[in-house]
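# Geometric and topological summary
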Amino acid sequence: MQYIDRLQVRKRINFRLRLNSILKYVFLGATLSGLVVLAILLIRTVSQGFAWIDWNFITGHLSMDPEKAGIMGAILGTFWLMLVVIFFTLILGMGAAIYLELYAKKGRVHSLIQTNIANLAGVPSIVYGILGLTVFVRLMDFGSTVLAGGLTLSLLILPIVIVSSQEALRAVPQTLGEASYGLGASKWQTIRNIDLPTALPSILTGSILALSRAIGETAPLVVLGIPALLIPFPGGFMDRFTALPMQIYYWTLDAALVEEYANLAAASIIILLLMLFILNSIAIYIRNKFQHRF
Amino acid sequence: MAVQTQLYAVPEIEKKESKEQNELENEKIFETKSLNLWYGETQALKNIELEIPEKSITAIIGPSGCGKSTFIKTLNRMVELIPSVQTKGDIHYKGSNILSNDYSAEALRTDVGMVFQKPNPFPKSIYDNVAYGPRIHGIKKKRILDEIVEKSLRDAFIWDEVKERLKDNAFGLSGGQQQRLCIARCLAIEPEVILMDEPTSALDPISTTKVEELIQSLKKQYSIVIVTHNMQQAARISDQTAFFLNGEVVEFGKTEELFTEPEDSRTMDYINGRFG
Ligand SMILES: Nc1ncnc2c1ncn2[C@@H]1O[C@H](COP(=O)(O)OP(=O)(O)O)[C@@H](O)[C@H]1O
Ligand SMILES: [Mg+2]
């Protein structure tokens, strides 16, 4: 007896093929609707803000007068923030990832910690702002400084950096570790010479992407009380500062008072997008240049 | 079946010379005593009692899953890397029990090197691959490293192929070259014993022949334990052979005898291709 009735199959083939081509367009539509919204946003922002970007806008001090206002202070603030965030997330993130992935015993405690880290990655950023306000600004008395802001943003992205670094370490082929142990290397020697160098490109890529999330964050900085005022350019970690997202936030708020502020906000968005674009390009460059194929 | 039996016949000429060199009364380098091993609940090795003589080639054969890899990985304690493993019994290496707590696994692995089934060079230059072991053990002088690298590559029959491109990434080599590089990397730590887990199973026939010749040449200086699922290979290159089945040693003896007149009927069945 034959289970497959050729005639039936042939009849249904047309239907299956048509369903396939319809679905293809459904998925295309899903992709396009995302792209279209993004394009509208970009076009609107660029057309509104591009004309306002000039040398004075990029290098100047903040001013109430829209014609004179510049955002160098915010750019520098964002830059200093990045340094703090890179320093703490790389050290703490890689350290935690190495411990959890390569040293810790895989048991109940380990999976509990692991689940918690994954959950922390989903905590709203404003909660980290409140934590930073309590611990860094008030308890440790750093005030609304670069250090306090940077530590807060580090905490925010630390879970992401840990998890992505763990994945990078896990992707190192076990056979390489075995080869190293087989030559009499200790665990740390193997991590130092094999696991870390092999995983480093992925770790950096993941960290840079997380970093670009951090520098776009506004909510935690609002809670920390970061101003957008006529303050001197920040020159160090203990200086008060403002950052690009804050600048954008306040200008958008104040656009009700001075109409041109909306254009300045759009111009600042372009600058911030440009910085994010550069960061992501670096990430892609690292990934392509140092990627190992096994 | 008849054809197969023929294939496994021991080549006469090669055997003669190794017979002179290697009677089983060579000093023993390893001696296992009621060695048992579990992965969690499942027992993979049962009461293994083997004496492995030095400066000769010992082959481990048996159907897949019978514990061959597990056994040779106990000899340099690589099994410890798997968390669920539990070992009982003794393994004496040159008289001391390597399974005792105060024997350092790192020291053991400096004496007992290993070559793996799939060539696994590091994603580094050819030079750095070979220099890895010596550097791990604290050798920093470039002149000494240069010498070790050249000697190891020569001893592994690959120097002429790579001497012009020592700085190139090892991944650019062919599979057979990679495996010989891995052997060179192992020789660079100047081990006494070399463990090999199916070192040619991922290689083409020509590379296999080269690696087999290399292994033959190494036994003057090193004690070699080689796992192979290829019985012709065991017959061609080894001096003694152990036949494993379900985690037990069924038969252990001179290769020539084991392949021509096995004592156990299961060995007979296996070498005649009746199972596995
Ligand atoms: N990491 C492991 N965890 C659990 N069981 C394993 C592991 N490695 C091997 N085994 C089991 O141990 C037995 C012997 O395996 P192995 O030594 O790899 O056999 P062979 O090398 O002879 O093919 C098999 O039954 C296998 O399923
Ligand atoms: Mg195996």
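- An unreviewed UniProt entry lists chain B under the name Phosphate ABC transporter ATP-binding protein PstB, with Allobacillus halotolerans as the source organism.

- Per an unreviewed UniProt entry, the recorded name for chain A is Phosphate transport system permease protein PstA, and the organism is Allobacillus halotolerans.
- Turning to chain A, the UniProt record has this under Subcellular location (unreviewed entry): "Cell membrane".

## Quick word on the overall build of chain A
- Scanning chain A from N- to C-terminus turns up eleven helices and zero strands.
- Sequence-ordered secondary structure for chain A, helices as α and strands as β, is α-α-α-α-α-α-α-α-α-α-α.
- Here the C-alpha atoms of chain A give a radius of gyration of 25 Å, more than 25% beyond the 19 Å that 2.2 N^0.38 yields for 294 residues.
- The principal-axis extents of the C-alpha atoms in chain A amount to approximately 85 × 60 × 35 Å.
- Counting contacts in chain A only where the partners sit at least 6 residues apart, residues at least 24 apart contribute 75% of the total.
- Summed over its atoms, the accessible surface of chain A is roughly 16,600 Å², and 68% of this surface lies on carbon and sulfur atoms.
- The distance from the centre of the 21 positive side-chain charges to the centre of the 14 negative ones in chain A is 21 Å.

## Brief notes about the domain arrangement of chain A
Residues and elements named next belong to chain A.
- The domain architecture assigned to chain A consists of domain 1 (6-52) and domain 2 (72-293).
- Taking only C-alpha atoms, the centre of domain 1 and the centre of domain 2 are 34 Å apart.
- Taken together, the seven residues of domain 1 in the interface contact nine residues of domain 2.
- Taking both sides of the interface into account, the surface hidden between domain 1 and domain 2 amounts to around 650 Å²; carbon and sulfur atoms contribute 80%.
- Together, Thr45, Gln48 and Trp52 form the three largest contributors to the area buried by domain 1 at its contact with domain 2, with a combined 71%.
- Taken together, the connections running from domain 1 to domain 2 amount to zero salt bridges.
- Considered class by class, the residues forming the side of domain 1 that touches domain 2 number four nonpolar, three polar and no charged.

## A short note on the environment of Ile208 of chain A
Residue and element names in this part refer to chain A.
- Within the fold, Ile208 resides in helix α8 (residues 187-216).
- Linking Ile208 and Leu90, residues 118 residues apart in sequence, is a C-alpha distance of 9.9 Å.
- Setting aside residues up to four positions removed in sequence, Ile208 forms contacts with Leu279, Ile282, Ala283 and Ile286.

## With respect to the site of ligand 1
Residues and elements named next belong to chain B.
- Lining the immediate surroundings of ligand 1 are Tyr39, Ala44, Ser64, Gly65, Cys66, Gly67, Lys68, Ser69, Thr70 and Ile82.
- Between a nitrogen atom of ligand 1 and a side-chain N or O atom of Tyr39, the distance comes to 3.4 Å.
- A distance of 3.1 Å separates an oxygen atom of ligand 1 from a polar backbone atom of Gly67.
- Starting from 560 Å² of accessible surface for ligand 1 in isolation, the protein chains cover 58%.
- Top contributing element to the shell around ligand 1 by residue count: helix α3 (residues 68-75), with three residues.

## Quick word on the packing of helix α8 (residues 175-187) of chain B against helix α9 (residues 205-218) of chain B
Residue and element names in this part refer to chain B.
- One can describe the packing of α8 onto α9 by two numbers: an axis separation of 9 Å at closest approach and a directional angle of 20°. With respect to their mutual orientation, α8 and α9 come out roughly parallel. The two elements α8 and α9 cross, and the hand of that crossing is right-handed. Residue-level contacts link Gly176, Arg180, Ile183 and Leu187 of α8 to Ser207, Lys210, Val211, Leu214 and Leu218 of α9.

## A look at the sheet that holds strand β1 (residues 28-39) of chain B
Residue and element names in this part refer to chain B.
- Ordered by their spatial adjacency, four strands build an open sheet running β2-β1-β4-β5, and the pairing between neighbours is antiparallel. Two strands close off the open sheet at either side, each with one partner strand: β2 (42-53) and β5 (96-97).
- Judged from the eight bridges that link them, β1 and β2 form a sheet pairing that is antiparallel. Paired with Lys28 across the strands is Pro53, a residue of β2.

## Regarding helix α5 (residues 125-139) of chain A
Residues and elements named next belong to chain A.
- With 15 residues, α5 should reach 21 Å at 1.5 Å per residue; the first-to-last C-alpha distance of 20 Å fits that figure.
- Of all the bends in α5, the largest measures some 35° and sits at Gly132.
- Regarding α5, the residues found buried are Ser125, Tyr128, Gly129, Gly132, Leu133, Phe136 and Val137.
- Buried-residue contacts for α5 involve α4 (108-120), α6 (146-170), α8 and α9 (219-224).
- Backbone geometry just downstream of α5 places Asp141 in the positive-phi region, at approximately 60°.

## Here we look at the interface of chain A and chain B
- Listed per partner, the contact involves 19 residues of chain A and 22 residues of chain B.
- Ranking the residues of chain A by area buried against chain B places Tyr181, Gly182 and Leu183 of chain A at the top, with a combined share of 34%.
- Across the contact surface, chain A and chain B share zero salt bridges.
- Considering every element that reaches the side of chain A that touches chain B, the biggest residue donor is helix α7 (residues 174-182) of chain A, with seven residues.
- Across the side of chain A that touches chain B, the residue classes break down as seven nonpolar, ten polar and two charged.

So, how was this worked out
Starting from 1, residues in each chain are numbered consecutively following that chain's sequence as written. Lettering of chains starts at A and numbering of ligands starts at 1, both following the order in which they are written. Selection of residues for local features in this predicted model requires a pLDDT of at least 70, selection of side-chain atom pairs for listing and counting requires 80 or more, and totals for whole chains, interfaces and linings are taken over all residues. The basis for every side-chain value is the complete set of heavy atoms in the structure, and neither hydrogens nor water enter the calculation. UniProt positions are given in the numbering used here, feature names are shortened, and annotations may be inferred rather than shown by experiment. Helix and strand labels come from DSSP, where a helix needs a run of H or I of at least four residues and a strand needs a run of E of at least two; each type is numbered from the N terminus. What the globule rule says is 2.2 Å times the number of residues to the power 0.38, and the radius of gyration is computed from C-alpha atoms. Should any heavy atoms of two residues lie within 4.5 Å, those residues are counted as being in contact. Per-residue accessibility takes into account occlusion by the displayed protein chains alone, with areas from the Shrake-Rupley method and a 1.4 Å probe. For the purpose of counting charges, residues Lys and Arg are taken to be positive, whereas Asp and Glu are taken to be negative. His and the chain ends are not included. The atom standing in for a charge is NZ when the residue is Lys, CZ when it is Arg, CG when it is Asp and CD when it is Glu. Where each domain starts and ends comes from a domain assignment, either automatic or drawn from a database. By buried area we mean how much accessible surface two parts lose on assembly, using a 1.4 Å probe and totalling the loss over both. Only one rule defines a salt bridge in this text: a Lys or Arg side-chain nitrogen within 4 Å of an Asp or Glu carboxyl oxygen. Any residue that is not Ala, Val, Leu, Ile, Met, Phe, Trp, Tyr, Cys, Pro, Asp, Glu, Lys or Arg is counted as polar, Gly included; the first ten are nonpolar and the last four charged. Throughout, the term near means that a residue has one or more heavy atoms lying within 4 Å of the molecule or strand in question. Polar contact criterion, stated in full: a pair of N or O atoms within 3.5 Å, where within protein one must be able to donate a hydrogen and the other to accept it, and residues adjacent in sequence count only if both atoms are side-chain atoms. Angles run from 0 to 180 degrees between N-to-C directions of axes, and those axes are lines fitted to C-alpha atoms, restricted for helices to the stretch in contact. Throughout this description, any angle smaller than 35 degrees is read as roughly parallel, any larger than 145 degrees as roughly antiparallel, any in the 65 to 115 degree range as roughly perpendicular, and the remainder as oblique. In a left-handed crossing the near helix is turned counterclockwise from the far helix by less than a right angle, and in a right-handed crossing that turn is clockwise. Strands qualify as paired when DSSP identifies two bridges or more between them. Here the expected length of a helix is defined as 1.5 Å per residue gap, with one fewer gap than residues. Each residue is assigned a bend, namely the angle between axes fitted to the seven residues that terminate at it and the seven residues that start at it. Under the scheme applied here, a residue whose accessible area is under 20% of the maximum for its type counts as buried, over 50% as exposed, and between as partly exposed, the area being computed with a 1.4 Å probe on protein chains only.

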